[in-house]
Structure formats: C-alpha cells, structure tokens
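# Geometric and topological summary
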Amino acid sequence: MDDQTVFKMDEPVGETRLDTAAQGLIGKPLDRFEGPLKVSGRAPYAYENLAGDPDVAFGYLVLSGTGAGTIRSVDTSAAEKAPGVLAVIHDDNGPRASADPNDQRPAAIKGEVVHFGQPICVVVAETYEQARDAARLVKVDVETKEGQYDLLANRDRAHKAQNGAMQAEVTKGDFDTAYANAEVTLDVTYTTPSQSHSAMEPHAATAKWDGDELTIFGCYQLVSTNVGQLAKTLGIPKSKVRMLNPYIGGGFGGKLGIGPESVFAAIAARQLGRPVKIALTRQQVYQATSRRSDTIQRLRLGTTRDGRITALAHDTITSNSPGDEFFEPTGISTVFLYAGENRQITHKLAELNLLLSSSMRAPGEAVGMLALENAMDEMAEKLGLDPIEFRRRNEPEVDPQDGKPFSSRSLVQCMEEGAKRFDWANRPKAPASRREGEWLIGMGMAAASRKNLLQQSSAAISLSSDGRCVVSTDMTDIGTGTYTILQQIAAEILGLPREQVIVKLGDSDLPQAPGSGGSWGANSAGSSVFVAAEGVVAKIAEKLGVKPDEVTMKDGTAIAHNKQTPLAEILKGETITVTGTFKPGRTFKDTHQASYGAHFCEVAVNAVTGETRVRRLLTVAAAGRILNEKTATSQCYGGQIFGIGSALTEELVVDTRTGLLVNHDLAEYHVPVNADVPQLEVVLLPERDRIASPLAGKGIGELAICGVGAAVTNAVYNACGVRVRDYPMTLDKILPGLPA
Amino acid sequence: MITLTVNGAEHKLDVDIRTTILDALRDHLGLTGSKKGCDHGQCGACTVLINGRRVNSCLTLAVMHEGDEITTIEGLGEPGNLHPMQESFLHHDGYQCGYCTPGQIVSAVGMLGEVKDGWPSHVTGDIAHGGADLSNEEISERMSGNLCRCSAYPNIVDAIRQVGTTGKGAV
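Residues numbered from 1 in each chain as written. Chains lettered and ligands numbered in written order. Predicted model: local features only at pLDDT ≥ 70, side-chain atom pairs only at ≥ 80, totals over all residues. Heavy atoms only, no water.

For chain B, the name recorded in an unreviewed UniProt entry is 2Fe-2S iron-sulfur cluster-binding protein, with Antarcticirhabdus aurantiaca as its organism.

If you look chain A up in an unreviewed UniProt entry, it shows as Xanthine dehydrogenase family protein molybdopterin-binding subunit from Antarcticirhabdus aurantiaca.

Broken down by element type, chain B carries 6 helices and 5 strands. Along chain B, helices and strands appear, N-terminal first, in the series β-β-α-β-β-β-α-α-α-α-α. For a compact globule of 171 residues, the expected C-alpha radius of gyration is about 16 Å, and chain B comes in at 16 Å, within 12% of that figure. Once the C-alpha set of chain B is aligned to its principal axes, its extents read approximately 45 × 35 × 25 Å. Looking at chain B as a whole, 61% of its 171 residues are labelled buried. Contacts in chain B between residues at least 24 apart in sequence constitute 56% of all its contacts with a sequence separation of at least 6. Of the side chains in chain B, 12 bear a positive and 21 a negative charge, and the two mean positions are spaced by 2 Å. (Helix = DSSP H or I, 4+ residues; strand = E, 2+ residues; numbered from the N terminus. Rg over C-alpha atoms; globule rule 2.2 N^0.38 Å. Buried < 20%, exposed > 50% of the residue type's maximum accessible area, 1.4 Å probe, protein only. Contact = heavy atoms within 4.5 Å. Lys, Arg positive; Asp, Glu negative; His and termini not counted. Charge placed at Lys NZ, Arg CZ, Asp CG, Glu CD.)

Here we come to unusual backbone geometry. Negative phi is the rule for most residues except glycine; trans is the rule for most peptide bonds. Residue and element names in this part refer to chain A. The peptide bond linking Tyr-727 to Pro-728 adopts the cis configuration, its omega dihedral lying at -5 degrees. Counting through the fold element by element, Pro-728 comes out in the loop between helix 17 (708–720) and helix 18 (731–734). Unusually for a residue other than glycine, Asn-562 sits at a positive phi of about 60 degrees. Here Asn-562 lies in the loop between strand 24 (557–560) and strand 25 (563–566).

Bringing the domain arrangement of chain A into the picture now. A common way to state how big an interface is: give the accessible area lost once the parts meet. Residues and elements named next belong to chain A. Assigned domains of chain A: these are domain 1 (3–30 + 454–589), domain 2 (46–146 + 201–288) and domain 3 (406–452 + 593–740). The centre of domain 2, based on its C-alpha atoms, is set 37 Å off from the matching centre of domain 3. Contact with domain 2, which involves 7 residues of that partner, is made by 11 residues of domain 3. For the pairing of domain 2 and domain 3, the buried interface totals around 790 Å² over both sides, and the portion due to carbon and sulfur atoms is 72%. The tally of links from domain 2 across to domain 3 stands at 0 salt bridges. (Domains from an automatic or database assignment. Buried area = accessible area lost by both parts, 1.4 Å probe. Salt bridge = Lys/Arg side-chain N within 4 Å of Asp/Glu carboxyl O.)

Turning our eyes to something else, we now look at helix 6 (residues 153–166) of chain B. Note: α-helices contain 3.6 residues per turn, so residues at a spacing of three or four share the same orientation. With 14 residues, helix 6 of chain B extends 20 Å from end C-alpha to end C-alpha; this agrees with the ideal 20 Å at 1.5 Å per step. Counting buried residues along helix 6 of chain B, 10 of its 14 residues qualify, which places the element largely inside the surrounding structure. Here helix 6 of chain B has its buried residues at B:Tyr153, B:Pro154, B:Asn155, B:Ile156, B:Val157, B:Asp158, B:Ala159, B:Ile160, B:Gln162 and B:Val163. Where helix 6 of chain B is buried, its residues touch helix 16 (629–648) of chain A together with helix 3 (84–92), helix 4 (101–116) and helix 5 (136–142) of chain B. After helix 6 of chain B finishes, the residue B:Gly167 shows a positive phi value of roughly 75 degrees. (Expected span 1.5 Å × (residues − 1).)

The next subject is helix 3 of chain B. Within helix 3 of chain B the residues assigned to the buried category are B:Met85, B:Gln86, B:Ser88, B:Phe89 and B:Leu90. Tucked into the core, helix 3 of chain B has its buried residues touching helix 2 (35–39) and helix 16 of chain A together with helix 2 (73–76), helix 4 and helix 6 of chain B. Immediately beyond the C-terminal end of helix 3 of chain B, within one or two residues, lies B:Asp93, with a positive phi of roughly 55 degrees.

Turning next to the interface of chain B and chain A. Listed by partner, the interface residues are 53 residues for chain B and 61 residues for chain A. Seen at the junction of chain B and chain A, the total is 5 salt bridges. One salt bridge in this structure joins A:Glu650 and B:Arg149, with 2.7 Å as the shortest N-O distance. For the pair chain B and chain A, the number of links is 30 residue pairs in polar contact (both at pLDDT 80 or more). Broken down by secondary-structure element, the contributors of at least two residues to the side of chain B that touches chain A are helix 1 (21–28), helix 2, helix 3, helix 4, helix 5 and helix 6 of chain B. Ranked by the residues each element gives to the side of chain B that touches chain A, the list is headed by helix 6 of chain B, at 6 residues. Of the residues that constitute the side of chain B that touches chain A, the class distribution is 21 nonpolar, 18 polar and 14 charged. (Polar contact = N/O pair within 3.5 Å; in protein donor to acceptor, adjacent residues only side chain to side chain. Nonpolar A, V, L, I, M, F, W, Y, C, P; charged D, E, K, R; others polar.)

In this section: the domain arrangement of chain B. Residue and element names in this part refer to chain B. Assigned domains within chain B: domain 1 (2–76) and domain 2 (84–166). Taken over C-alpha atoms, the centre of domain 1 sits 21 Å from the centre of domain 2. With 17 residues of domain 1 at the contact, the number on the domain 2 side is 18 residues. Counting the surface lost from both domain 1 and domain 2, the interface buries some 1,400 Å², and carbon and sulfur atoms represent 60% of this. In this assembly, domain 1 and domain 2 are joined by 1 salt bridge. Here Glu-114 ties to Arg-54 by a salt bridge, and the two come within 2.8 Å at their closest N and O atoms. Along the contact surface separating domain 1 from domain 2 lie 8 residue pairs in polar contact (both at pLDDT 80 or more). Going through the elements one at a time, strand 3 (47–50), strand 4 (53–56) and helix 2 are the ones with two or more residues in the side of domain 1 that touches domain 2. With 3 residues, the top contributor of residues to the side of domain 1 that touches domain 2 is strand 3. The class makeup of the residues in the side of domain 1 that touches domain 2 is 6 nonpolar, 6 polar and 5 charged.

As a further point, take the packing of aromatic side chains. For the structure on display, the rule yields 13 aromatic pairs over all chains. When the ring of A:Trp424 is compared with that of A:Phe600, the centres are 5.6 Å apart and the planes differ by 75 degrees; the resulting orientation is edge-to-face. Taken together, the positions of A:Trp424 in the loop between helix 11 (411–422) and strand 18 (435–436) and A:Phe600 in strand 27 (residues 594–606) put the pair 176 residues apart, joining distant regions of the chain. Accessibility assignment for this pair places A:Trp424 and A:Phe600 in one class, buried. A cation over an aromatic ring shows up here: A:Arg32 above the ring of B:Tyr95, its NZ or CZ 5.5 Å from the ring centre. (Phe/Tyr/Trp six-rings, centres within 6.5 Å; stacked < 30°, edge-to-face > 60°. Lys NZ or Arg CZ within 6 Å of the ring centre and 35° of its normal.)

Next up on the list: the nonpolar core. The biggest cluster of nonpolar side chains holds 190 residues, and the ones touching the most others in it are A:Ile461, A:Ile540, A:Phe600, A:Val603, A:Ile734, B:Met85 and B:Ile160. Dropping the residues within four chain positions of it, A:Ile734 is found in contact with A:Val605, A:Gly610, A:Thr612, A:Val716, A:Cys720, A:Val722, A:Val724 and A:Met729. If you look at the next biggest cluster of nonpolar residues, it comprises 59 residues, including A:Ala82, A:Val142, A:Val227 and A:Ile278. (Core = buried A, V, L, I, M, F, W, Y, C linked by side-chain atoms within 4.5 Å.)

As a further point, take the packing of helix 16 of chain A against helix 6 of chain B. Viewed as axis vectors pointing N to C, helix 16 of chain A and helix 6 of chain B meet at an angle of 120 degrees, and their least axial separation amounts to 9 Å. With respect to helix 6 of chain B, the axis of helix 16 of chain A lies oblique. Here A:Ser634, A:Tyr637 and A:Ile641 of helix 16 of chain A come into contact with helix 6 of chain B, specifically with B:Tyr153, B:Pro154 and B:Asn155. Its residues placed into classes, the contact of helix 16 of chain A with helix 6 of chain B shows 4 nonpolar, 2 polar and no charged. (Axes fitted to C-alpha atoms, helices over the stretch in contact; angles between N-to-C directions. Parallel < 35°, antiparallel > 145°, perpendicular 65-115°, else oblique.)

We now examine a nonpolar patch on the surface. A contiguous nonpolar patch, built from B:Ile17, B:Leu61, B:Val63 and B:Met64 and spanning about 360 Å² of accessible area, is present on the exposed surface. Here B:Val63 lies in the loop between strand 4 and strand 5 (69–71). (Patch = residues over 30% accessible without salt bridge, like charges linked within 9 Å, V, L, I, M, F, W, Y side chains within 5 Å. Areas by Shrake-Rupley, 256 points an atom, 1.4 Å probe, with all protein chains shown as cover.)

The next subject is the pattern of salt bridges. In total, this model carries 61 salt bridges over all chains according to the counting rule given. Where A:Arg391 meets A:Glu373, a salt bridge forms, and the shortest distance between an N and an O atom there is 2.8 Å. Placement of the pair is A:Arg391 in helix 10 (residues 387–393) and A:Glu373 in helix 9 (residues 365–383), with a sequence separation of 18 residues. Both residues of the pair, A:Arg391 and A:Glu373, belong to the buried class. Notably, a salt bridge pairs B:Arg161 with B:Asp158, separated by 3.2 Å at the nearest N-O pair.

Attention shifts here to the sheet that holds strand 3 (residues 69–75) of chain A. Paired through their backbone hydrogen bonds, the strands of a sheet run either parallel or antiparallel. Residue and element names in this part refer to chain A. Strands sit in the order 5-3-7 across an open sheet of 3 strands; the sheet is antiparallel. Bordering the open sheet on either side are strand 5 (112–113) and strand 7 (139–144), each of which pairs with just one other strand. By the bridge criterion, 6 bridges tie strand 3 to strand 7 in an arrangement that is antiparallel. If you follow Thr-70 over to strand 7, its bridge partner there is Glu-143. (Pairing = 2+ DSSP bridges.)

Shown next, in the form of structure tokens:
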C-alpha cells in the first residue's frame, strides 16, 4: 500500500530544501527532460500512435456551410458508396465545437447549426485520402435562418454575463459621481477582434476500444476534466476511459476542452470495432474548436490634476455562441492593478452565431490589458506625466477592491529595472519626433500582471534502493517545461542527480493533477511533487531514526548527525512510494496573489507605408521562485511574441453576411513569423513568495503576454503620433494619420 | 507499387496517387517525426530534404519521388547520437511543444546548405560579391517559412547561428 501525504497551504512556508539546494538543481537552466525525443522526431503526438497499424481506419469531419439554421437532412448515400468508405456517422449527440473546459460535456449538435463550420458528421474510410474525398459527397440540407454575426451591430443586445472566471460586475464606491467630479478625465473605447490559438499541432485523436473500455490518445491540456467530458458525451463511466496525452503540440487554451475529433473518433471506433484516427485539418481547427472572443472595451479614467486616479471604469462587451456562457474576463487585472476609490468593472455577453469563445492564453488580461494599458498611456500624456510615474502614483498598498494584502508585488521594481535597461530616460518625449531615414522611431511601455491561480494536485514518487526515482502524475506538458521542472523539484529534494529521476505525465491512470491552464501548472503540480518528495524524505528519516529536518539529501545519500549513508544502505532493496496531495488553503484566500512585470518596446514605423517593425522588446518579470531559468525565459518569449501578434497582425475576420471565419488557415491568420521578431530580452527578477506555495513561486506561463501588445502600440503612437483603438494595428489603420 | 528511398533505406509501398510524401511517411512508413501542421505548405512543420534540398512534404506526391533521396528528422540523428543541429536546438531551447521542431531542424540544415552554396535571400545586401553572412536577420528571413506558435524564434536563431558558425551543436 502506497503512503499518502496531504499538505494544505494554510500558513506561509519558511525555508525549504529548495532554498538550501544541496543538490544545486532548482532554478538552473537545464535542458528539457523530453528534449532528445522532441528534437529527433521520436516523441509521439496523438495522431501518431498506432502508426502503420493496418487495422486503423481514418475519419474526416464534414462541417456546415451555413452559419445558422435547422438541419433538415443529411444525405450520406453517395458518400457511403465511395471507394473505401466504412461508415458515415451522423450523431446528433456529437459536439458542435470543442467543449468549454467548465462544462461537463461539449454542447451537442441537436439538429441545429449555430455557427459556420460546425461539425455535422464524420466519414470513416480505409485511408485518409478516401475519407477526405468522400466527405465532399455528403449533402447537408439546412433550413437557414438569419444569423447574428457582428458584435458591433449586436452591442445593444448584450446581456449581463453570468459569473465565471471572475464576477461579471465588480464595483466599489460611486463611480459616476467621482468621474463627474474628476479634475482630468479620459473616455476611450477599444475594440479587439476574435483570435485563434493556432497551436502547431492540429487537434487529433486516436481511439481504440477493448470491449467496453476506451483508450484515447489525445492532445488535451486537462486530462482528468477531459476524461470526464468524453465519458459523459459517450454515456459511459469515467472509469472506462483511459486517456494518454504525454506529448501535446501546443495548447494556449485551445485544447482545454474535449474536441469533436475525440468524440467522433470514439463513436466511430465503437461502431466499426476497429481503431479510428481523426486529425482536424488546419481549416477545421479554425472553424470547429474554439476562439478568443472579440471585445468592445470602454475605459474611463478620472484623476486629480497630479495624476491620482479617483474613478476607474472598464466596461466590456464580449461574444459567445448561443447557450455558451463563458465571457472573456477583460477586467480581471483592472480590479487590482491600480489604486482608486471608485471603481466599476463590468462584462456583458452578446449571443452571436460564431464559434464557441473560450479561454486563450491569459484569458482576460491578454486583451483587457491591451485596452487598459493603452488608456493609461493616453492619460499619462494628458497629465503630462511619464507613463511610469503615472503608474507609480497609483500603486496600491493593498488590493484596492477588498483591501487584502498582496502576497508579493514587484511592479514598481520591474518598471524601474526595465527603464534602466532600456534607456527609457532617452526616449523620444514627443510623438513623431525621432526619424531615421523613412522610419519613425518610438518607444512605449506597459505594465504586466497575471492573477495567480492555484489548484489541488496529486503526484506519486517512487524511490528505489538503487537511487532511481519515478515521478508520476496525470499533469500535462504542452511545451511549458512541466517534465523538466518536476524532475528538478524531485531531484533537488531527494538529493539525486537529475538523470536518476524519470517523469511520467499525461496518463489518466496516474494521480490527478489540475492540468495545464491559467499558469497554475508549475505551482500546483510542482507543489504536489514537493509534498510527495518530502514524504519520501520523512520515510528515510524514520529509517535513520532522526527527524526529517535533520536530514540533508545529496548525491544519492542521506546526511544526518554528521553521518552520510547511501540510499542503498538505508533502503536495503525496498522501494518507497508516496503519493503527495497539495491543497490551496487559507493563504490563498487571505491574500491577493498575482505575478507582475513591465514591458518596454521600441518600434520603427515606416513613414511611407505605415508598416511597423518591432526593433527591441524587453520584459522584466517577477513571479516568485523561477524553477528553471531556461524554460521560464522561453515561456516569456512566447508571451512577448503572442503580444506582437495581437498588437499588429492577428485577427479572425468574420464575413458578417454569413458568419464564415474568412481567414481560416495559417496563410491568412497572421501569427508572427521568425522575421517579425527581433532578438528579445527577458529579465526575471529574484523574488520568493512564501505565501503563494511551498515552492515560493507564482505563475509565469501567461505573464509576459499580459500588457505586451500595449507596449507595442504605445510605441507605435510614440513613433508616429497615430493612436489606433481598433486592434490589430495594421498599416491601413496607421497610414491615414501619418505625418505629412 | 512504388519504391521510396528514405534515410538511405528503400521501401516498397502501395499508395494512393493522392498520397503526399508526408502522409506516406506518417501513415505508411511509421516515420511520424515529420509533422502535419497545415497540409497546405503554410507552416513548414513537414519539411524534409529531397536530394539535399528542403521541401514541404505536404505539397508533393509520393508517386513523384521514386529514386529521390529523402531525408527526414529521423535520418539526421537519434537520442544518444544527435545531429549537431538537433543538439543545438536542445541546448538553446529552440522549441517548446516540439511539434514544429523537426521541420525547423530539417529546414535549418537545408538552409545552411543554401547559404554555403551562395544563394541570396530577400535581406542579403550585395549579391555580386560573395554570399550572405549568418546574421540574425539572414537566419530569421530564411527560416520564416517555418512557423512556431510557442514562439521559440530567438532561441531557434541562436541554435542555428551556433551550428552555422562553429559546426558544433554542443555549447
């Protein structure tokens, strides 16, 4: 019987083995644990399981070619007669998009078309080519109805959103009166378009049944949640589904919910009695999984003449498909980022016939701070203040909404460090005042903040007599570095060379973790590995007859009372296995927790064409203890580059006549390419947050995307004097305002 | 029945005329290192070398390549015996989720060959006097057919520059 140990975070944690760091591994920029497999093409992703197995059949989805209506009939007769076709499966219970991760199952088709590109049925054939060809022969007859496709046109029909990731309305004091009485005011409205996660691995699943037991090789971020969603959709117990997701080709929120590929693959494999693979095409990923909502955001700031905020409002309208209640929580950071006695943060939701809107990297902050941090820049200019000074004057001592203390907050330090490194003092003070040939040069900055989330998590550690250790949990690694940081935590606490620690992830048979999302992964799963490893140390201490805190673990030995004993001698052939469970506790409730940072950007805007080139981009971040400097830095690069995309190029274009997402591929939805990105700079300030977790860390995966796009567009304004309030800032929007 | 030469080995295959090199590798030969990211030549994840030149393998049909030498990521190296470019990506963290990575690495190997042969790019200055140097700008430009959504671009550039200038992958 394995030992269980549970730790609830009710009090701050003092110095730990991660601080003494006897093995010297924690925080170090180690190469990724699974790296050799990835760089050699040997890490198998969902579709690639059962490769070459002649028993496997291939599925291809048929999507709707209308945006709204009732399905009258689906004529599959021609497709069924096509060469190689095994079945055409039209299941009304099938999903109309990916699942919202908060829902028990994906919304079902139920005879309706609610958005253009909605899954209708699946064609299964002996080969991929046969399935793809036959899919064109399926005739879907839809009685069309007038759909709603345009957020701007529907803004007055929006209703108050249901509370979700945050409360839909957060208010304090009397905003209206304070705003009316403010000495200086700003009232601006920003719009952001729908965006696509665009992970490089298209959603894919391989399904195989053994009797009534399903094995699904998937690509999902939240194993336990996704197993539940799939089981619920199929009408079988959760215990009958085994999900394997050891390698995931990027997520960014797009793989938080079970998707049509898994549901249809499982249904088809059950019906045919043989394994079925479905990979969505890139075009289907854009149309049939999920998106980030478009937003209309009105920002109102009222200040004193010397720049102290007295009134702050952030009112947002977002969209979702009928019956889907998730709203983009754009105001999530506005609640706590700046001081001000009178506050109003609201979110409304408009029902549109567009693809499900769901979480995408830093849901809320990523587009909310585009608006907030631009407005702060506009207000600073109005006040004649340096944007850093304006923020410093509004630095709150406690959470301005409910008065809770911050667990740690290094925003001012990040801004000051960044200003020094970026030579901010020598920036062009007036817009359009620096020119190099045909290029106008400007600099901008923005603050970063991402609310820290923490979840219950479990992990098992087995330590054998020969010093080999296995860490196992159903946690996922979507490119974030989970394998590596869990290996580092276990190796550090147990005093083992890293090579002796193996990490197993992404298997629903393993102890339950919260999965990858909301930047909670490293802190939550890492804390459960911390707890399990301490449990193992306690066992060793017991065998040595000493207290756990008297033992130092190092190089495969335990040192206590000036005696160093090899593990083999202590364990004598025995294997110790401990399952550790970490639970957030009182410290999470009693404090406000977030990671902070500051971005600094230099752009060149072409005075003739309006083209923007990012020349330099610096992010200074403070997110508690950094577990691996290399993977954490890479996460920040990822956020910075997502920010460049959302500032300058990324937009899902809706044909407002039909609901078609026009640019549904990688040639037309413009994610940044290598040449769009200069060499970036990331600085991670030393910080320990002993209130946030036993690791003294906070979330970092999404921090760098928060606000960074605003640093880019503030720099564009500084370069050329054009303030575009409709993202992305493409050259056609900049061109008309350029100086003659 | 066709014969494909992949990583030096000959394979007899019975494929649909519509089957791309990419699908032949992944679905028929079990060589899943080459990735499908878009199937339309838009992302570069499927890049292989055909007779030493980089090609989007989703855009060319298997039946067109009898007798050609196809090199995939599996043919460059394996864990324990990595190619310098694979080793350099590992050390520079030139990847995160790993899905675009095989295409990036194969593309980088092909790209260095193009530079060595004196091929200019859009950003090469004076093409009358010698080839391009391996500046960051040259590498970024020449690698812009390979998308990476995790956004490892700065590290990808570092990894390639190291191999291009030293021939070595290890730091």
